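# Coordinates in review
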Amino acid sequence: MTLPSLHKHELLQREYGQSTFQLVQQLREVEDRAERTRRAQLIVQMIFRIQPTLRDQPDGQQKVWNHLYEMADGELDVDAPFPLVAQANMKAPARVAYPSKGPRFRAYGRAVEQLVEQALTLEDPAEREQATIVIGRTMKFLYRSHNKENAKDVTILKHLKELSGGQLTLDPAQVDAQGLFEFSTQPATNTGSRTAAFIVPQPRQERESRSDRSGSERRGNNNRRDKQRRGGKKNRQEPQQPPQ
């Protein structure tokens with residue numbers, strides 16, 4: 001075992017441990033091919049026990065055998081179930097495209113910008129208006145989650161106009177009057193009143209069980225007070241009168 005090989009396989013040692021690396025290095029000293037193959041299979045089984053997540057990978061077996069071949073410096077002559085390929089000869093994975101710039105508004109992220117781009121492709125005015133309302137409602141929810149404070153509808157409309165280049169606009173008076181950016185349980189009305197905030201309704205059985213439980217708790221507390229009151233009167237001793 002040479003010092004350059006230790007530095008060469010430093011990542012594999014961190015992944016599988018130094019003891020596993022030493023066992024693989026000792027395989028080259030075994031002269032019998034059958035015995036060498038048997039020990040390699042045992043090392044592979046040991047690696048899967050150390051890292052059971054490799055079993056879920058579709059190419060986990062081939063990956064581990066190639067790592068064994070790499071840790072043996074390409075001198076592993078065994079009957080492997082897969083053709084052994086050194087790490088240097090393997091095809092490099094395709095480069096993942098990384099965004100060159102971040103979102104314009106951090107509170108909304110890149111997902112809202114993609115929604116705006118899709119909304120701009122809609123040709124029907126009614127569909128575009130409905131998409132604009134949904135996007136504005138989502139932006140208000142994200143703004144509230146990111147900044148821990150409520151945003152005014154005028155602010156959301158301003159940000160939406162900047163993201164769409166002035167192509168997605170709504171009437172601020174209509175948005176405020178009908179509460180288009182609020183999560184509501186019923187559609188907006190023309191009465192000019194804002195719709196109520198969204199509240200998750202409770203099942204009827206759950207409400208009844210809670211009312212019965214609270215009623216029984218109140219009756220139990222009253223009974224305990226009565227018992228304590230009666231017990232206090234019963235156990236209380238009257239003051240003794242001096243002898244006549």
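An account of the accompanying structure is given in this report. (Residues numbered from 1 in each chain as written. Predicted model: local features only at pLDDT ≥ 70, side-chain atom pairs only at ≥ 80, totals over all residues. Heavy atoms only, no water.)

### Quick notes on the overall build of the protein
Within the protein, the regular secondary structure consists of 10 helices and 0 strands. Moving toward the C terminus, one meets the helices and strands of the protein in the order α-α-α-α-α-α-α-α-α-α. Considering the protein as a whole, with its 244 residues, one finds that 26% of them fall into the buried category. Within the protein, contacts between residues separated by at least 24 positions form 46% of all contacts whose residues are at least 6 apart in sequence. As presented, the protein carries roughly 18,200 Å² of accessible surface, and 50% of it is formed by carbon and sulfur atoms. (Helix = DSSP H or I, 4+ residues; strand = E, 2+ residues; numbered from the N terminus. Buried < 20%, exposed > 50% of the residue type's maximum accessible area, 1.4 Å probe, protein only. Contact = heavy atoms within 4.5 Å. Areas by Shrake-Rupley, 256 points an atom, 1.4 Å probe, with all protein chains shown as cover.)

### Concerning helix α8 (residues 153-163)
Within the sequence span of α8, burial applies to D153, I156, L157, H159, L160 and L163. Looking straight down α8, one finds that the buried residues subtend no more than 165° of arc, so they occupy a single side. Exposed residues on α8 whose side chains face more than 90 degrees from its buried face are V154 and K158. Positive phi shows up at G165, right after α8, with a value of about 70°. (Arc of directions from axis to C-beta.)

### Concerning the packing of helix α4 (residues 33-50) against helix α5 (residues 60-71)
In helix packing, the relevant descriptors are the interaxial angle and the interaxial distance, both defined with respect to the helix axes. Orientation of α4 relative to α5, taken along the N-to-C sense of each, is 120°, at an axis distance of 10 Å. Taken together, α4 and α5 sit at an angle that is classed as oblique. Two packed elements cross with a definite hand, and for α4 against α5 that hand is right-handed. Judged by residue contacts, A40, Q41, I43, V44, I47 and F48 of α4 engage G60, Q61, V64, W65 and L68 from α5. (Axes fitted to C-alpha atoms, helices over the stretch in contact; angles between N-to-C directions. Parallel < 35°, antiparallel > 145°, perpendicular 65-115°, else oblique. Left-handed = near helix turned anticlockwise from the far one by under 90°.)

### Considering the pattern of salt bridges
Per the counting criterion, the structure on display carries 11 salt bridges. Two residues, D77 and R36, come together in a salt bridge whose shortest N-O distance is 4.0 Å. Of this pair, D77 sits in the loop between α5 and α6 (109-120) while R36 sits in helix α4, and the two are 41 residues apart along the sequence. The partly exposed category is assigned to D77, whose relative accessible area is 43%. (Salt bridge = Lys/Arg side-chain N within 4 Å of Asp/Glu carboxyl O.)

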